[in-house]
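Structure at a glance
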Amino acid sequence: MGMFKDQVVVVTGASKGLGVGLATAFAEEGARLALCSRSFDELTRLADQIGKGARPYYLDVRDVDSIRQCFATIEREMGPIEVLVNNAGMGNPIPAVDVTEADWDWMMDLNLKGTFFCCQEAAKRMLGRKRGKIVNISSQASVVAIEHESVYCASKGGLNMLTKTLAVEWAPSNVTVNAVGPTFIRTPGTAERLDDPATAASILSRIPRGRYATAEDVASAVLFLASDGASMITGTLLLVDGGWTAL
Ligand SMILES: NC(=O)c1ccc[n+]([C@@H]2O[C@H](COP(=O)([O-])OP(=O)(O)OC[C@H]3O[C@@H](n4cnc5c(N)ncnc54)[C@H](OP(=O)(O)O)[C@@H]3O)[C@@H](O)[C@H]2O)c1
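A brief structural summary.

Analysis parameters
Residues numbered from 1 in each chain as written. Predicted model: local features only at pLDDT ≥ 70, side-chain atom pairs only at ≥ 80, totals over all residues. Heavy atoms only, no water. Helix = DSSP H or I, 4+ residues; strand = E, 2+ residues; numbered from the N terminus. Rg over C-alpha atoms; globule rule 2.2 N^0.38 Å. Buried < 20%, exposed > 50% of the residue type's maximum accessible area, 1.4 Å probe, protein only. Contact = heavy atoms within 4.5 Å. Near = heavy atom within 4 Å. Polar contact = N/O pair within 3.5 Å; in protein donor to acceptor, adjacent residues only side chain to side chain. Areas by Shrake-Rupley, 256 points an atom, 1.4 Å probe, with all protein chains shown as cover. Nonpolar A, V, L, I, M, F, W, Y, C, P; charged D, E, K, R; others polar. Axes fitted to C-alpha atoms, helices over the stretch in contact; angles between N-to-C directions. Parallel < 35°, antiparallel > 145°, perpendicular 65-115°, else oblique. Left-handed = near helix turned anticlockwise from the far one by under 90°. Pairing = 2+ DSSP bridges. Right-handed = clockwise from strand over helix to strand, strands pointing away. Salt bridge = Lys/Arg side-chain N within 4 Å of Asp/Glu carboxyl O. Expected span 1.5 Å × (residues − 1).

Structural notes on the overall build of the protein
Counting its regular elements, the protein contains eight helices and seven strands. Over its C-alpha atoms the protein spans a radius of gyration of 17 Å, differing by no more than 12% from the 18 Å that the globule rule assigns to 247 residues. Along the longest, intermediate and shortest principal axes, the C-alpha atoms of the protein span 50 × 40 × 35 Å. When the 247 residues of the protein are sorted by exposure, 50% land in the buried category.

Quick word on the side chain of Glu149
Mapped onto the fold, Glu149 is located in the loop between strand S5 (132–137) and helix H5 (150–170). When sequence neighbours within four positions are dropped, the list of residues in contact with Glu149 reads Gly91, Asn92, Pro93 and Arg193.

Some words on the site of the ligand
As a structural note, the neighbourhood of the ligand is formed by 31 residues, with Ser37, Arg38, Ser39, Tyr152 and Thr187 the closest of them. In this structure, an oxygen atom belonging to the ligand sits 3.0 Å away from a main-chain N or O atom of Gly13. With respect to the ligand, the side chain of Ser37 contributes an N or O atom lying 2.7 Å from an oxygen atom. Protein contact buries 95% of the 880 Å² of open area that the ligand shows by itself. Here the shell around the ligand is composed, by residue class, of 13 nonpolar, 13 polar and five charged.

Section: the packing of helix H4 (residues 101–129) against H5
Where H4 meets H5, the axes come as close as 9 Å, and the angle between the chain directions of the two elements is 15°. Classified by the interaxial angle, the pair formed by H4 and H5 is roughly parallel. H4 and H5 meet at a crossing whose hand is right-handed. Each of Trp104, Met107, Met108, Asn111, Leu112, Thr115, Phe116, Cys119, Gln120, Ala123 and Leu127 in H4 lies in contact with H5, whose residues at this interface are Val151, Tyr152, Ala154, Ser155, Lys156, Gly158, Leu159, Leu162, Leu166 and Trp170. Here the contact of H4 with H5 is built from residues that sort into 15 nonpolar, five polar and one charged.

Comments concerning the side chain of Asn86
With respect to the helices and strands, Asn86 occurs in strand S4 (residues 81–86). At 2.8 Å, the side chain of Asn86 and the side chain of Asn136 are in polar contact.

A short note on the pairing of strand S3 (residues 55–58)
Pairing geometry for strand S2 (residues 32–37) and S3, over four bridges, is parallel. Across the sheet, Ser37 pairs through a bridge with Tyr58, a residue of S3. Note that the unit made of S2, helix H2 (residues 40–50) and S3 has a crossover that is right-handed.

Observations concerning the pattern of salt bridges
Under the criterion given, the structure shown has 13 salt bridges. The partner of Arg125 in a salt bridge is Glu121, and the shortest N-O contact between them spans 3.0 Å. In this pair, Arg125 and Glu121 are both assigned in helix H4, four residues apart and thus about one turn of the helix distant. The buried category is assigned to Glu121, whose relative accessible area is 3%.

Quick word on helix H3 (residues 64–78)
An ideal rise of 1.5 Å per residue puts 21 Å on 15 residues; H3 measures up with 21 Å between its terminal C-alpha atoms. Downstream of H3 by a residue or two, Gly79 has a phi angle that is positive, lying close to 105°.

Regarding the sheet that holds strand S1 (residues 8–12)
If you walk across this open sheet you meet the seven strands as S3-S2-S1-S4-S5-S6-S7, and the pairing is parallel. Taken across any chain shown, the strands that pair with only one partner, and hence form the sheet edges, are S3 and strand S7 (237–240). Pairs of neighbouring strands in the sheet enclose a mean axial angle of 20°, with direction left out of account. Bridging between S1 and S2 involves five bridges; their strand directions are parallel. The residue of S2 that forms the bridge with Val9 is Leu33. Those strands touched by H3 are S1, S2, S3 and S4, and its axis lies near 155° from that of S3.

What follows is the structure, encoded as structure tokens:
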């Protein structure tokens, strides 16, 4: 109960869904949370609930100026960032022939460009200190095709490659970069789809473990990769998919 005692941990997309579970799990291990997203009121409520020095920060990962400002403010107010979890991201199933340029740009900016510039801002500070852990939330959809998710799958596949290249570049400075790839989790972003019985049956038939992942399942993997015990692990993708990709 103190694996991250007093460490500053940044979680993006912390206002709802998986981000709330990740932030809560780090706080239970003693971390001081910087909770980041566009919904300041929701983050403020979560920070009050978590306590232990958690603080809300406005962040729009599609806006590089917002990222720069957010990371500078966090370090000024909370101290050196030890862990960054890039969780902000969303899917939006659309048949490939119907995808517009705006759909493409929105998804790529959110899932890929935003993650890159958050990594960059964290690394600018971590590299000089020769200490830091970055965990990117990818998806099983980064390694297997999901119907009507062409842009999402491409963005998460790109995220895996980003994870590897940044890991290699920053490993000499003791900054690790890894990714976690969950199967479906019931969150505000997926609830509508997973509440449809036909979709649920089709998805569950592809998960040998026989259930969706939970935020706790994913948090176990993220906390491990962010821990000192994982300091020799970098550039990897840890799938939390209940066996989907082994089928
Ligand atoms: N749920 C699943 O089945 C599943 C499976 C595999 C991987 N994942 C990945 O897990 C992560 C979280 O997914 P989720 O299901 O929890 O999503 P969600 O319930 O839709 O929540 C998305 C989070 O991202 C934040 N966000 C969206 N746009 C943002 C922006 N421009 N700047 C900053 N934050 C932004 C939202 O906060 P605001 O609206 O407050 O900005 C929210 O906190 C994503 O990367 C997703 O790809 C999810």
